[in-house]
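So you can see what is in the structure, the chains are spelled out below.
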Amino acid sequence: MAEDEGRVWRAARAIAPLRREELPGALWSAGMLFCALCSFYILRPLRDEMGAAGGVDGLPWLFSATFLVMLAAVPVYSWVVARFGRRTIVPLVYRFCAVVLLGFVALFALADGAVLVWTGRSFFVWAAVYNLLVVSVFWELMADLWRREQGVRLFGLVAAGGSAGALLGPLLTAALVSLLGAPALVLLAALFLEGAIVCARGLMRSFQTGSEEHVQEARSMDARPIGGGSLAAFVLIARSPRLRGISLWIVLLTTTATFAYFEQARIVKAALADPAERTALFAKADFIVNAISVALQGLAVGRIIPRLGVGWTLALLPLISLVGFAVLAASPVLAVLIGFQVLRRAADFSLAKPAREVLFTQAGREAEYKAKHLIDTALYRGGDVAAGWLYSGLGSLGLATAGLCGVAAALCLPWAVLSRRLEGTGCNEQGEEDRSEEAGHSPANT
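Calculation criteria
Residues numbered from 1 in each chain as written. Predicted model: local features only at pLDDT ≥ 70, side-chain atom pairs only at ≥ 80, totals over all residues. Heavy atoms only, no water. Helix = DSSP H or I, 4+ residues; strand = E, 2+ residues; numbered from the N terminus. Buried < 20%, exposed > 50% of the residue type's maximum accessible area, 1.4 Å probe, protein only. Contact = heavy atoms within 4.5 Å. Areas by Shrake-Rupley, 256 points an atom, 1.4 Å probe, with all protein chains shown as cover. Disulfide = S-S within 2.5 Å. 1 Å grid on protein atoms, 1.4 Å probe; cavity = no way out; pocket = protein on both sides within 12 Å on 5 of 7 lines; lining within 4 Å. Points joined across faces, edges and corners; volume = space filled by probe spheres on them. Nonpolar A, V, L, I, M, F, W, Y, C, P; charged D, E, K, R; others polar. Expected span 1.5 Å × (residues − 1). Bend = angle between axes of the 7 residues up to and from the residue. Core = buried A, V, L, I, M, F, W, Y, C linked by side-chain atoms within 4.5 Å. Phe/Tyr/Trp six-rings, centres within 6.5 Å; stacked < 30°, edge-to-face > 60°.

Caption draft 1: Fine view of the overall build of the protein. Counting its regular elements, the protein contains 15 helices and zero strands. Among the 446 residues that make up the protein, the fraction classed as buried is 54%. Long-range contacts, defined here as pairs at least 24 residues apart, represent 86% of the contacts in the protein between residues at least 6 apart. A total accessible area of about 18,300 Å² is found for the protein, and carbon and sulfur atoms account for 68% of it.

Caption draft 2: Just the state of the cysteines, in detail. Counted under the stated rule, the structure contains zero disulfides. A disulfide-free cysteine, C199 has its sulfur positioned 4.5 Å from the sulfur of C35, the nearest such atom. Of the residues examined, C199 reaches a relative accessible area of 10% and is grouped as buried.

Caption draft 3: Seen up close, empty space enclosed by the protein. All chains considered together, the criterion is met by one cavity of 30 Å³ or more. The calculated volume of the largest cavity comes to roughly 40 Å³. In this structure, the largest cavity is lined by P60, F63, S64, F262, D384, V385, G388 and W389. Within the residue set of the lining of the largest cavity, elements represented by two or more residues are α3 (59-83) and α13 (365-396). Residues that form the lining of the largest cavity fall into these classes: five nonpolar, two polar and one charged.

Caption draft 4: Up close: α13. Over its 32 residues, α13 extends 45 Å from the first C-alpha to the last, a length consistent with the 46 Å expected when each residue adds 1.5 Å. The largest bend along α13 measures about 30° and falls at L379. In the segment just after α13, G398 is the residue with positive phi, at about 110°.

Caption draft 5: Quick peek at the nonpolar core. Core analysis: the largest hydrophobic core is formed by 118 residues, its most contacted members being M32, Y94, Y130, M142, W249 and F325. When residues in this core are grouped by element, the largest group, 18 residues, is from helix α5 (residues 113-145).

Caption draft 6: Examining the packing of aromatic side chains more closely. By the definition in use, this model includes 14 aromatic pairs. Judged by centre distance (5.0 Å) and plane angle (80°), the ring pair of F138 and W139 falls under edge-to-face. Relative to F207, the ring of W146 has its centre 5.0 Å away and its plane inclined at 70°; by these criteria the two rings are edge-to-face. Here W146, found in the loop between α5 and α6 (148-180), pairs with F207, found in the loop between α7 (182-206) and α8 (212-223); they are 61 residues apart in sequence, far enough to count as distant. Residue W146 is classed as buried on the basis of its relative accessible area, which comes to 1%. In this structure an aromatic cluster arises from ring pairing among F259, Y261, F262 and Y391.

Laid out in structure tokens, this is it:
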């Protein structure tokens, strides 16, 4: 047993510069994200097929419906976190998501005709909500438990667990969909979500170490409600320059991503007439993106962020996007598009995402759970919706690929500047010392 533990320690230490007392928490964190993203990526191919079956013209309306659902959910989620501690929040939210999935299992098994069509549309919306909801709750817990200095070192390793889950999920769907059908796959996704709850409990237990006094304080933190009002998320963002900066960063991310997504839809449809070929191309691209993400997160990110800093790590994504849009404007062909999308998405998942989450590790508990949730869900999808209608509007005015890519490239410049400025706004406005000394906030405190 000791020899096995030694192998795990050496392997983890090779990936990220973690300390031995941080190992259990880091592994539970990676396992939790693995289960959460595996669950979603089982659902994602089903969602995309249902969206395609409804026609491309219907996608903006589905995006809009997703945004409205998320916007309505923000006060409800704020009400929940105001009354419960993190020990209750994660199982409560994840099991609610699992119950909804079980409802879709029954509908897919029993519905037909028009009911099945509307079930497919509803599932598309719910899957989009589900993705951001389970991931946002996960990273809220990360920001609450780990200190900023730890996040800089460890979040790459944690994110690698998620990318591994994102690799396994679509492989399971591809292997099992013809044998088991959609209802069984949705049920499997719900089971992986239960696995995420198990990991969350193990994670919180890993912080309950040291003296009896420290253990009791850590348990108290797990049970302590976040407090505040149902609309506190909006107030917190309005009052905080740092949170407003992160919000703007997310809007620029989603705007450029949506422009790239719409160009992808146009170029791929023109290049490949067979839907099966398009599906296979998207699946291969997803696999490459996640494979690159696992490699980067597992081998480099834990050392890239400490060396470059959060600001420069964040700036890599807009700089890659700037070059990619410029090349795509000059040569709007399939090979260029796929290469750009692979590099852009890999940089987002493996570099920008872990660095962005570090910014919340000193935000204060209410901001971590409420403002962060609003930014990661409703604001994120709101940016998608606005960008989609902006793209369509510019296209109706006569802008072709070169002009649309030029607009997106122009947005990348202020996006990169903002990334660098966020480095200097990462400190807790209530004082870093207050946060780093919270009992139960880190196993290194013991």
